[in-house]
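Geometric and topological summary
Letter by letter, the chains look like this.
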Amino acid sequence: MAQFVSKLVLLISGTAGLVGCGVPGVPKPPSLELPEPVADLRAVRKGDSVYLVWTAPSDTTDRLPLRHVGPTRICRSLDSAMSECANPVGEVPAPQLPGASPQKTKSAKPVAKVQANYTDNLPRALLGENPGARIFYTVSVLNGNGRSAGISNVVHVPAVAAQPPLSDFQAQVTAEGVVLSWTRIPGAPETGALRQTYRVYRRLEGGNTDTVVGEVSVDASSATQLVDHTFEWEKTYSYRVSVVTLIPEEDRTETQFEGDDTPAVRVFAHDVFPPAVPSGLQAVFSGVGQQPFIDLIWAPDTDADLAGYNVFRHEAGAEPVKINSELVKTSAFRDMNVASGTTYVYSVSAVDVRGNESARSQEASEAIP
């Protein structure tokens, strides 16, 4: 009996050891290494080119790090019912994916996303005047064996012909602002459901951000110029303009895309323009029973960059002389340096923050008894 118990203990111990070492479970099929389909394909049309952007997949459909990735096929169609990428119009080479650990853990750092892109130049035969026509795109990422798990989301752009860029866009710095001018597009007023606008952009030299200066409708009665009042003096800018086509949708919104840009026009906004000449100058004597003086008043200058005024005085037959030591900040001045029995003649000029000075105002005279 004791011998039987000893053998039983040894058997149980051996079984426990097998369990502790682990017994292989049901074997899993090998991964097909199929990249996850792209889910964030975006499309932007500019002129007759379509710019496609998406995030390259970093995982397989098995949720494992993607190790063997192939090219990405680009498909274009006039039919929205795209289920496969059988006739690609282009391919993008396999992206260089950042290295990833073969096992994902909670402490592992997230893998950086890789952005991929493709530019499709549209054949003119695909473009017309039908506002409802669309061109559809999808992409399919292949593995190292040329197999795919399916196509991406489907996106579309208008299949309407873009207006050609303007050829005579000009910019001129004036006292009122930067005047941007062009010639109206021949034969391109609003046609049917489509309409176009001129959109003007400005970029500060050395910057990478464009500012929309404004838009002007393309029709027979519209102006062919725009004045930029929002720039800063003594800075250099580049201006460009594109013709935007706007397409109405059933929900009363509009889809739009830009044509190709004009060549950029470079402008140095150098301020050599003086403020407006002061007006309404009046001179009034005071001083009965006290030290005599003459008060001057005039209409205030409304220039945004006004720094102040200079006051000039002369007697009959003499040249005007500036009598203020510093710029006068308000539209009034008191001349205390006057003598009895003398007639004084005054004028005023305006000065901006960059030292540009206007012509002198009309003169006003006053006599001291």
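Look up a bit, the structure's there.
Bear in mind that the values here come from a model prediction, so they are computed numbers and not experimental data. (Residues numbered from 1 in each chain as written. Predicted model: local features only at pLDDT ≥ 70, side-chain atom pairs only at ≥ 80, totals over all residues. Heavy atoms only, no water.)

1. Remarks on the nonpolar core
Core analysis: the biggest nonpolar cluster contains 21 residues, and Leu41, Leu52, Trp54, Ile74, Ile135 and Tyr137 have the highest contact counts within it. Of all the elements, strand β6 (residues 134-143) adds the most residues to this core, at four residues. Ignoring anything within four residues of it in the chain, the contact list for Tyr137 reads Leu41, Val50, Leu52, Cys75, Arg76, Met82, Asp120, Leu122, Asn153, Val154, Val155 and Val157. Core analysis: the second largest hydrophobic core is formed by 20 residues, Ile185, Val200, Val218 and Val241 among them. (Core = buried A, V, L, I, M, F, W, Y, C linked by side-chain atoms within 4.5 Å. Buried < 20%, exposed > 50% of the residue type's maximum accessible area, 1.4 Å probe, protein only. Helix = DSSP H or I, 4+ residues; strand = E, 2+ residues; numbered from the N terminus. Contact = heavy atoms within 4.5 Å.)

2. Quick look at the state of the cysteines
Counted by the stated rule, this structure contains one disulfide. Between the sulfur of Cys75 and that of Cys85 lies a disulfide, 2.0 Å long from S to S. The disulfide joining Cys75 to Cys85 has a torsion of about 105 degrees about its S-S bond and is therefore right-handed. Taken as a pair, Cys75 in strand β3 (residues 69-77) and Cys85 in the loop between β3 and β4 (90-92) lie far apart in primary sequence, ten residues in all. (Disulfide = S-S within 2.5 Å.)

3. As for the side chain of Arg134
Mapped onto the elements of the fold, Arg134 is located in strand β6. Reaching out from Arg134, the side chain makes a polar contact with the backbone oxygen of Pro131 at a distance of 2.9 Å. A polar contact of 2.6 Å, which involves the side chain of Arg134, links it to the side chain of Glu249. Residues within four places of Arg134 in sequence aside, it is in contact with Ser77, Leu78, His156, Val157, Pro158, Ala159, Ile247, Glu249 and Thr255. (Polar contact = N/O pair within 3.5 Å; in protein donor to acceptor, adjacent residues only side chain to side chain.)

4. So, unusual backbone geometry
At Arg63, a position not held by glycine, the phi torsion is positive, near 65 degrees. Along the chain, Arg63 turns up in the loop between β2 (49-56) and β3. Judged by relative accessible area, Arg63 falls into the exposed class, the value being 54%. The backbone of Glu234 shows a phi angle near 65 degrees, a positive value even though the residue is not glycine. Secondary-structure assignment places Glu234 in the loop between β12 (225-228) and β13 (236-248). For Glu234, a relative accessible area of 34% corresponds to the partly exposed category.

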